[in-house]
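Chains, contacts and geometry: an overview
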Protein chains: 2
Amino acid sequence: MSTEPVIPNEPQGVSILTRVPGPASEALRARHQHFQDARTIHLYQDARKSLGSFIVDADGNTLLDVYGHIAAVPIGYNHPALLSAWKGGAFDWAAGFRPALGIMPPPEWVDIVEAISKVAPVGLPRFVTVTTGSEAVENAFKAAFIAFMRRRRGGASWSEDDARLSMINAQPGVNELKILSFEGAFHGRSLGALSATRSKAIHKLDVPAFAWPVVPFPANKFPLNEHVHDNSALEASCLQAVTDALDADGNIAALIVEPIQGEGGDRHASPAFFRALRDLLKARGVFMIVDEVQTGAGATGTFWAHEAWGLTDPPDFVTFSKKMQLGGFFYREEHAVPETYRIFNTYLGDPLRGAQLAVILDVIAKDDLVAHTKRTGEKLLAGLLELQARYPDVLSQARGVGTHCAIDARDPATRDAIVGAVRQLGLEAGGSGDRSIRFRPPLVFASRHVGLALDLLSAAVATVR
Amino acid sequence: MSTEPVIPNEPQGVSILTRVPGPASEALRARHQHFQDARTIHLYQDARKSLGSFIVDADGNTLLDVYGHIAAVPIGYNHPALLSAWKGGAFDWAAGFRPALGIMPPPEWVDIVEAISKVAPVGLPRFVTVTTGSEAVENAFKAAFIAFMRRRRGGASWSEDDARLSMINAQPGVNELKILSFEGAFHGRSLGALSATRSKAIHKLDVPAFAWPVVPFPANKFPLNEHVHDNSALEASCLQAVTDALDADGNIAALIVEPIQGEGGDRHASPAFFRALRDLLKARGVFMIVDEVQTGAGATGTFWAHEAWGLTDPPDFVTFSKKMQLGGFFYREEHAVPETYRIFNTYLGDPLRGAQLAVILDVIAKDDLVAHTKRTGEKLLAGLLELQARYPDVLSQARGVGTHCAIDARDPATRDAIVGAVRQLGLEAGGSGDRSIRFRPPLVFASRHVGLALDLLSAAVATVR
């Protein structure tokens, strides 16, 4: 279709010459393993030869990619706009040192900030930049705690006792503050973020956590029209659980929620659930943090997934990273911290990644890639539904918003077998939760890729039935 | 001197045309402030025109820099080796996307890892890369907790109860684990790192913290030969405080310590103190984390500051960031985590910053910049001692290792006045603690810069007496 984005010279299809990973990747892993844990690496990617939605690996294999470096590739590999900006010198000013952006940023950083501001969610015009999703979440938590305590003091400043006792981690009332999160949630891995993460035990074992509460998440069953009653009863009971948690503890400063649970297994709730959640939190004076690290930057068919909910009042904080190339959070004007240096660190992001992001955002806007992704997602989901109709003994629960799709295998072992088998056929896919296959392709993923991905997946499923 | 590093075309001196920050910087700040908190910004730096140890700002002012973006500039601005690598295409492979390094790194990443391994501290051959100092510390804590719990279980795996209860932040015995840190310490600002940070209340107020203990740090008084008795008594009492803390709580998994307290006011302890501390921790089975985020990468005249201590047994973990351009920690072989995905995140660093680091490390080695910095530091310290002898009513406590130096003003207001006044004369300096002026120049800082910095500082002090 002529309106679809085209990356010149993108491979027409996959080409598998060796096992994946092949001998060249394994030789690299052996060198790598001397110094770092390289066991998790799927393959070593030829960064120059990869193009568009296709990975070329160190062995010369060409794979179609629907995993996107864990949802972190916005406009595919080596997009011509990104390369020509690089080669044309657009980033040269960033070549000579890495600045502390809160102390002495270059003037170009202000241009980048203005470019990022153009994708600010409605109602959240201001933002802090950091480097990763975990740091985004940690700093949004801090901003929420600071705003909560300021309100609790009636806008007054802290006392001398507060200041003195904070130094021994004992400021009165503060250690009781909590973040409420959902079962299955993933919000990062540093100690604060990890205390709100509820995805898998392997992420949390042996690491001290704050005694923060958790409530069930209303993972909808699909197809929706066959589960209307169950889904709506589940959403009501989860809202009740949030209400009960807030009733039980007046120290919950904020709730954090992903628009679609990513690591937790692509679990979806309805826009109506999120609207009711927003209203409930607002009525209770509890801040709402929407964690868009995995869902943000267009993959769901709106730039931010929460835009599709039709909220009457915007969230308090929205976190981002992954496709955005650096981390950060947007916030409502009223949550600006009056005092300096409370939300601060040395780097506060990375101007080089920010400069690339500005080019990426320009491509997304000019090529209308968010609307394109919405259309592509409809085709992908239709294909997944067809696939599960063909293999009802293996596949179920096809679901998605935009290209942010998933499908379940009948059990964890089958899921792992499919992901393993399809890689050998030329499709790089990833799991989420215990039995889901997730799709996180870049925004340049188009109809031709959908067809190829579905063909490869179908062939892999046939081998594991 | 012919053996000193020379950056061709580096300015011969400072040149101040406007107030600093001038009207161009203030106009940028006004634009910037619409979207981010720009109040902390000293000036907007012309990233292309800055060279070597000299900043050129948006108003065309040329300042000598001894602050180095809070100690984060390793080889000065726009070092020719860095620019020629950039222009020569050495980083082009990194231009087209930002990878998840634990999933599909490019082959070039293995070269970078090998380059970093050449500066691994003795006894800590393996390392994890992340993006910032806070993430470095958070992940070192996690690695320490994991190793501690593995040992406590006698090497056995966790139980099903452990796994189940970890999901509600209640794994038996784990939330009691603690990190011991020192008064005045700065280890970062995310919730775990911040629980060990003890620098200033403004960093900690209103943010929940783990109930971790703190012990006094034996900040030596200078000159050392006039305070031998006091310093040695203070170090003994601080070691006793560590002993008492370990006696009082069997759940302390690790102690974290900076070789020189940075944010806390450039507070120094002796090598003998650190040797005794290491022995004490080893005897108790408590891990030692040396936080070299601010001291690492050569500024103290050894590549890692802790190398100067003469430890008989290396630390367990050593964190880094700032001059290293990305974050991470080195660890002893025996602390490798048997299971995958426990110390993990999406980016695991940044290959582009890593590629620049490899060039930087090459320059440091070829130009012998660590030895050079040791020599330069002796000149700088001698000059500071001379300065305090000239202005004994204003300055005291000149101290330093390498060029990682500081001097105290008589009170906080005088310190702020000096730092403010000297910027108007053309020296970008920063404070640490409540009354110290800190020196964090790049490793290319040389005799000619020392003389100029001291002249400017002297002139500024004269104006505030």
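Residues numbered from 1 in each chain as written. Chains lettered and ligands numbered in written order. Predicted model: local features only at pLDDT ≥ 70, side-chain atom pairs only at ≥ 80, totals over all residues. Heavy atoms only, no water.

Focus on the packing of helix α4 (residues 107–117) of chain A against helix α1 (residues 23–33) of chain B
Filter applied, for reference: For helices, the axis comes from a line fit to the C-alpha atoms of the stretch in contact; other axes are also lines fit to C-alpha atoms, and the angle between any two N-to-C directions lies between 0 and 180 degrees. A helix here means a DSSP run of H or I that spans at least four residues, while a strand means a run of E at least two residues long, and both kinds are numbered starting from the N terminus. Should an angle fall under 35 degrees it is taken as roughly parallel, and over 145 as roughly antiparallel, whereas 65 to 115 is taken as roughly perpendicular and any remaining angle as oblique. Rotating anticlockwise by less than a right angle from the far helix to the near helix defines a left-handed crossing, while the corresponding clockwise rotation defines a right-handed one. Throughout, a residue-residue contact means that at least one pair of heavy atoms, one from each residue, lies within 4.5 Å. For this classification, the nonpolar set comprises Ala, Val, Leu, Ile, Met, Phe, Trp, Tyr, Cys and Pro, the charged set comprises Asp, Glu, Lys and Arg, and every other residue, Gly included, is treated as polar.
Orientation of α4 of chain A relative to α1 of chain B, taken along the N-to-C sense of each, is 20°, at an axis distance of 9 Å. With respect to α1 of chain B, the element α4 of chain A is oriented roughly parallel. Both α4 of chain A and α1 of chain B take part in a crossing whose hand is left-handed. Here P107, W109, V110, D111, V113 and E114 of chain A of α4 of chain A come into contact with α1 of chain B, specifically with L28, R31 and H32 of chain B. Residue classes in the contact of α4 of chain A with α1 of chain B are distributed as five nonpolar, one polar and three charged.

Concerning the packing of aromatic side chains
What counts, and what does not: Any two of the Phe, Tyr and Trp rings considered here, Trp counted by its six-membered ring, make a pair once their centres fall within 6.5 Å; the pair's planes then place it as stacked at under 30 degrees, edge-to-face at over 60, or tilted in between. Each residue's exposure class comes from its accessible area (1.4 Å probe, protein chains only) as a fraction of the maximum for that residue type: buried when under 20%, exposed when over 50%, partly exposed otherwise.
Enumeration over the complete set of coordinates arrives at 41 aromatic pairs over all chains. Judged by centre distance (5.6 Å) and plane angle (75°), the rings of W304 of chain A and F330 of chain A are edge-to-face. Remark: F330 of chain A occurs in strand β11 (residues 327–331) and W304 of chain A occurs in the loop between β9 (287–291) and β10 (317–320); sequence separation between them is 26 residues. For the pair shown, W304 of chain A and F330 of chain A are each scored as buried. Arranged with centres 5.1 Å apart and planes meeting at 75°, the rings of F303 of chain B and W304 of chain B form a pair that is edge-to-face. Overall, F303 of chain B belongs to the buried group, its relative accessible area being 11%.

Regarding the relation of the copies chain A and chain B
Here is the rule: Fitting of the copies onto one another was done by least squares over C-alpha atoms, counting residues only where both copies have pLDDT of at least 70.
Superposition record for chain A on chain B: RMSD 0.0 Å, screw rotation 180°, translation along axis 0.0 Å. As the rotation angle and translation indicate, the two copies are arranged about a two-fold axis. A high fraction, 100%, of the interface residues of chain A reappear at the interface in chain B, so the copies pair face to face through one surface.

Description of the side chain of E428 of chain B
Secondary-structure assignment places E428 of chain B in strand β14 (residues 427–428). Not counting residues up to four positions away in its chain, the partners in contact with E428 of chain B are M104 of chain A together with H42, L43, I55, L63, L64, D65, V66, Y67 and R423 of chain B.

Details of the side chain of D291 of chain A
Residue and element names in this part refer to chain A. The condition that has to hold: Here a polar contact is recorded for every N or O atom pair within 3.5 Å, except that within protein the pair must consist of a potential hydrogen donor and a potential acceptor, and residues adjacent in sequence are included only if both atoms are side-chain atoms.
By secondary structure assignment, the location of D291 is in strand β9. In terms of polar contacts, D291 uses its side chain to reach the side chain of T319, at 2.9 Å. Excluding residues within four positions of it along the chain, D291 makes contact with V137, F186, H187, I256, V257, E258, P259 and T319.

A closer look at the interface of chain A and chain B
In plain terms, the rule: Summed over both partners, the accessible area (1.4 Å probe) lost when two parts come together is defined as the buried area. Just to be clear on terms, a salt bridge is a Lys or Arg side-chain nitrogen sitting within 4 Å of an Asp or Glu carboxyl oxygen.
Every contact between the two is made by 122 residues of chain A and, on the other side, 122 residues of chain B. Buried area between chain A and chain B, summed over both chains or domains, comes out near 11100 Å², and the portion from carbon and sulfur atoms is 58%. When the area that chain A buries against chain B is broken down by residue, the three leading residues are F35, M104 and D206 of chain A, summing to 8%. Linking chain A with chain B are ten salt bridges, by the criterion used here. The salt bridge partner of R153 of chain A is D206 of chain B, with a shortest N-O separation of 2.9 Å. Joining chain A to chain B, the criterion identifies 75 residue pairs in polar contact (both at pLDDT 80 or more). In terms of residue class, the side of chain A that touches chain B is made up of 62 nonpolar, 33 polar and 27 charged.

Re the packing of helix α12 (residues 369–390) of chain A against helix α14 (residues 447–464) of chain A
Residue and element names in this part refer to chain A. The interhelical angle for the contact between α12 and α14, taken along N-to-C directions, is 20°, at an axis separation of 10 Å. Classed by the angle they form, the pair α12 and α14 counts as roughly parallel. Crossing of α12 over α14 shows right-handed handedness. Taken together, the residues of α14 that come into contact with α12 (itself represented by T376, K379, L380, G383, L384, L387 and R390) are S447, V450, L454, L457 and S458. Of the residues contributing to the contact of α12 with α14, the split by class is six nonpolar, four polar and two charged.

Let's talk about the sheet that holds strand β10 (residues 317–320) of chain B
Spelled out, the test is: Should DSSP find at least two bridges between two strands, the strands are regarded as paired.
Read from one edge to the other, the open sheet built from seven strands follows the order β3-β11-β10-β9-β6-β4-β5 (chain B), with strand pairing classed as mixed. Here the strands that pair on one side only, and so sit at the sheet edges, are β3 (126–130) and β5 (214–215) of chain B.

Considerations on empty space enclosed by the protein
To keep things clear, this is the line we draw: Of the two site types, the cavity is a set of points on a 1 Å grid over the protein atoms alone where a 1.4 Å probe fits but cannot get out, and the pocket is an open set with protein on both sides within 12 Å along at least five of seven lines, each lined by residues with an atom within 4 Å of a point. Grid points are joined across faces, edges and corners, and a volume is the space filled by probe spheres set on the points.
Scanning the model with the defined rule gives seven cavities of 30 Å³ or more in all. Considered as a void within the structure, the largest cavity measures approximately 70 Å³ in volume. In terms of lining, the largest cavity is formed by 13 residues, of which the most central are K204, V207, P208 and A209 of chain A together with S166 of chain B. For the lining of the largest cavity, the element with the most residues is helix α7 (residues 191–196) of chain A, which contributes three residues. Grouping the constituent residues of the lining of the largest cavity by class yields seven nonpolar, five polar and one charged.

Points about the pattern of salt bridges
All names here are of chain A. In the structure shown here, the tally under the stated rule is 58 salt bridges over all chains. Here D46 ties to K49 by a salt bridge, and the two come within 3.9 Å at their closest N and O atoms. Residue classification places K49 among the exposed residues on the basis of a relative accessible area of 57%. The network of salt bridges with shared partners includes R278, K282, D313, D316, R332 and E334.

Brief notes about the domain arrangement of chain A
Residue and element names in this part refer to chain A. The line we're drawing: Annotation comment: domain bounds sourced from an automatic or database domain assignment.
If you check the domain split of chain A, you get domain 1 (23–79 + 368–464) and domain 2 (99–349). On the side of domain 2, 23 residues touch domain 1, which itself brings 25 residues to the contact. Taken together, both faces of the contact between domain 1 and domain 2 bury some 1900 Å²; the carbon and sulfur share is 53%. Our enumeration of links across domain 1 and domain 2 arrives at two salt bridges. One salt bridge connects R438 with E263, and the closest N-O pair in it is separated by 2.8 Å. Our enumeration of links across domain 1 and domain 2 arrives at 15 residue pairs in polar contact (both at pLDDT 80 or more). The biggest single contributor to the side of domain 1 that touches domain 2 is strand β12 (residues 395–401), with five residues. A class-by-class count of the residues in the side of domain 1 that touches domain 2 yields twelve nonpolar, nine polar and four charged.

As for the sheet that holds strand β16 (residues 436–439) of chain B
Residues and elements named next belong to chain B. Read across the open sheet, the four strands follow the order β12-β13-β16-β15; overall the sheet is antiparallel. Looking along the sheet, the strands with just one partner apiece sit at the ends: β12 (395–401) and β15 (430–432). Neighbouring strand axes in the sheet, compared pairwise and without regard to direction, differ in orientation by 30° on average. Sheet topology note: the β15/β16 ladder contains three bridges and is antiparallel. Note on β16: the bridge partner recorded for G430 is R438. Along the sheet, helix α13 (residues 412–425) contacts β12, β13 (404–409), β15 and β16; its crossing angle with β16, the most-contacted strand, is approximately 40°.

A short note on the environment of P11 of chain B
Residues and elements named next belong to chain B. Mapped onto the elements, P11 comes out in the segment before α1. Distance in space between the C-alpha atoms of P11 and D416 is 27 Å, their sequence separation being 405 residues. With near-sequence residues (within four places) excluded, P11 lies in contact with L51, F54 and T62.

Some remarks on the environment of A219 of chain B
All names here are of chain B. Relative to the elements of secondary structure, A219 occurs in the loop between β5 and α9 (228–248). Distance from A219 to K204, taken between C-alpha atoms, is 22 Å for residues 15 residues apart in sequence. Apart from the residues lying within four places of it in its own chain, the contact partners of A219 are L234, R267 and H268.

Structural notes on the environment of A95 of chain B
Mapping A95 of chain B onto the fold places it in the loop between α3 (80–87) and α4 (107–117). As a C-alpha pair, A95 of chain B and L352 of chain B span 257 residues in sequence and 8.0 Å in three-dimensional space.

Here we look at the confidence of the model for chain A
Note the following rule: pLDDT measures the predictor's confidence residue by residue and takes values from 0 up to 100.
Summarising the model, chain A shows a mean pLDDT of 97, and 100% of its residues fall at 70 or more. What the predictor reports for the complex is a pTM of 0.98 with an ipTM of 0.97.

Brief notes about the pairing of strand β3 (residues 126–130) of chain A
Residue and element names in this part refer to chain A. Of all five residues making up β3, five are buried, and the element is well covered by its neighbours. The pairing of β3 with β11 spans five bridges and is classified as antiparallel. Paired with T129 across the two strands is G328, which belongs to β11.

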